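# Chain and residue survey
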Amino acid sequence: MPRMPPALQPKLYFPLDLNAGTNHAIINLIPKQYEVNMKKGNFLTIKPEQINDNTFKIIGGDWMLITAGNENSFNTMTASWGGLGILWHKKASFSFVRPTRYTYEFMEKDDLFTLTFFGGKHKDALNILGSKSGRDGDKISETGLTPVSVEPGAVTFQEAELVLLCKKLYFQDLDPKHFLDPELDSHYPEKDYHRMYVGEVISVFKKMDN
Ligand SMILES: Cc1cc2nc3c(=O)[nH]c(=O)nc-3n(C[C@H](O)[C@H](O)[C@H](O)COP(=O)(O)O)c2cc1C
């Protein structure tokens, strides 16, 4: 399992520029412990409602990384199925992870995880992270992406355009008995039905334009 090299463990405090735009001046609403330690100060905390992107595009088309674990031990995988919305009056993410994924083990162990979006860039990296398993070697090094820690104990990537820090609220395994369209079962020749994780979106970090 990959350990983040010391050089990639930025400890710089993320300097929030409250004058950068009125939309971003919301740091007081964010619990201090959830501020991100990014290598360069080019990420700002925004509210989930301020995400302007089309979720069908950024998840289904651009793809995302689901990353669980902390800077000492973590894993990540590409995902293109999932959603963002509202549940129990909370801002929520819906992620689907097959139990056969190494990332599943980290999702099970940890309370926090991140969803990382790259705005359509780094597709080569996402293809590697979506076709190789962290169980078999350090696939992250192969991608050239730079892991960075998110306080209080999660990991994302410096190259991100948008990062959602999520706290697990609920999980449920998909039950084929509930498939109303029999075609759906064709996605599961190994019967490894996804576990759905509902995460509360705790913080959102958006890359500022350079
Ligand atoms: C575009 C793309 C989308 C994917 N979406 C999902 C997904 O939503 N859920 C899932 O369990 N696996 C998904 N995968 C497969 C995992 O990313 C892949 O099996 C990965 O190698 C698992 O890595 P791990 O074993 O290190 O966790 C996707 C793969 C690709 C290329």
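Calculation criteria
- Residues numbered from 1 in each chain as written.
- Predicted model: local features only at pLDDT ≥ 70, side-chain atom pairs only at ≥ 80, totals over all residues.
- Helix = DSSP H or I, 4+ residues; strand = E, 2+ residues; numbered from the N terminus.
- Buried ≥ 20, exposed ≤ 12 C-beta atoms within 10 Å, placed from the backbone.
- Contact = placed C-beta atoms within 7 Å.
- Near = placed C-beta within 6 Å.
- Nonpolar A, V, L, I, M, F, W, Y, C, P; charged D, E, K, R; others polar.
- Arc of directions from axis to C-beta.
- pLDDT = per-residue confidence, 0-100.
- Core = buried A, V, L, I, M, F, W, Y, C linked by C-beta atoms within 7 Å.
- Pairing = 2+ DSSP bridges.

### Section: the overall build of the chain
Regarding its fold elements, the chain presents 4 helices and 10 strands. Its helices and strands taken in sequence order, the chain reads β-α-β-β-β-β-α-β-α-α-β-β-β-β from the N to the C terminus. In the chain, which comprises 210 residues, the share counted as buried stands at 34%. Within the chain, contacts between residues separated by at least 24 positions form 72% of all contacts whose residues are at least 6 apart in sequence.

### Things to note about the site of the ligand
Close contacts around the ligand come from 21 residues, with Ala-79, Tyr-102, Thr-103, Gly-130 and Ser-133 the closest. Elements represented by at least two residues in the shell around the ligand include exactly β3 (73–79), β5 (90–97) and α2 (102–109). At 4 residues, β3 tops the list of elements feeding residues into the shell around the ligand. Class assignment of the residues belonging to the shell around the ligand gives a composition of 7 nonpolar, 10 polar and 4 charged.

### Here's the deal with α2
Regarding α2, the residues found buried are Thr-103, Tyr-104, Phe-106 and Met-107. Buried residues of α2, viewed axially, fall in a sector of 165°; they line one side. Considering only its buried residues, α2 is in contact with β2 (64–70), β3, β5, β6 (112–117) and β10 (195–207).

### As for the confidence of the model for the chain
Chain-level pLDDT for the chain is 84 on average; 80% of the residues reach the 70-or-more range. The low-confidence segment residues 5–40 (pLDDT under 50) makes 58 contacts with residues lying over four places distant or belonging to another chain.

### Topic: the nonpolar core
Grouped together as the largest cluster of nonpolar side chains are 43 residues, with contacts concentrated most on Met-64, Ile-66, Leu-165 and Cys-166. Among all residues touching Met-64, those that are not within four sequence positions of it are Ile-58, Ile-59, Ala-79, Leu-115, Thr-116 and Phe-117.

### Looking at the pairing of strand β9 (residues 162–173)
Here β6 pairs with β9 via 6 bridges, running antiparallel. Across the sheet, residue Leu-112 finds its bridge partner in β9, namely Lys-167. Pairing of β9 with β10, which is carried by 11 bridges, proceeds in the antiparallel orientation. Across the sheet, Tyr-170 pairs through a bridge with Val-198, a residue of β10.

### Looking at unusual backbone geometry
The bulk of non-glycine residues show a negative phi, and the bulk of peptide bonds are trans. Omega for the bond connecting Glu-151 with Pro-152 falls within 30 degrees of zero, at 10°, which places this linkage in the cis form. The topology assignment puts Pro-152 in the loop between β7 (147–150) and β8 (154–157). Residues other than glycine seldom take positive phi values, yet Trp-88 does so here, at roughly 50°. Examined against the element boundaries, Trp-88 turns out to sit in the loop between β4 (82–87) and β5. Even without being glycine, His-89 reaches a positive phi, approximately 65°. By the element assignment, His-89 lies in the loop between β4 and β5.

### Considering the pairing of β7
Here β7 shows two buried faces, one formed by Pro-147 and Ser-149 and the other by Val-148 and Val-150. As judged from the 4 bridges shared by β7 and β8, these two strands associate in the antiparallel manner. Its bridge partner lying in β8, Ser-149 is registered against Val-155.

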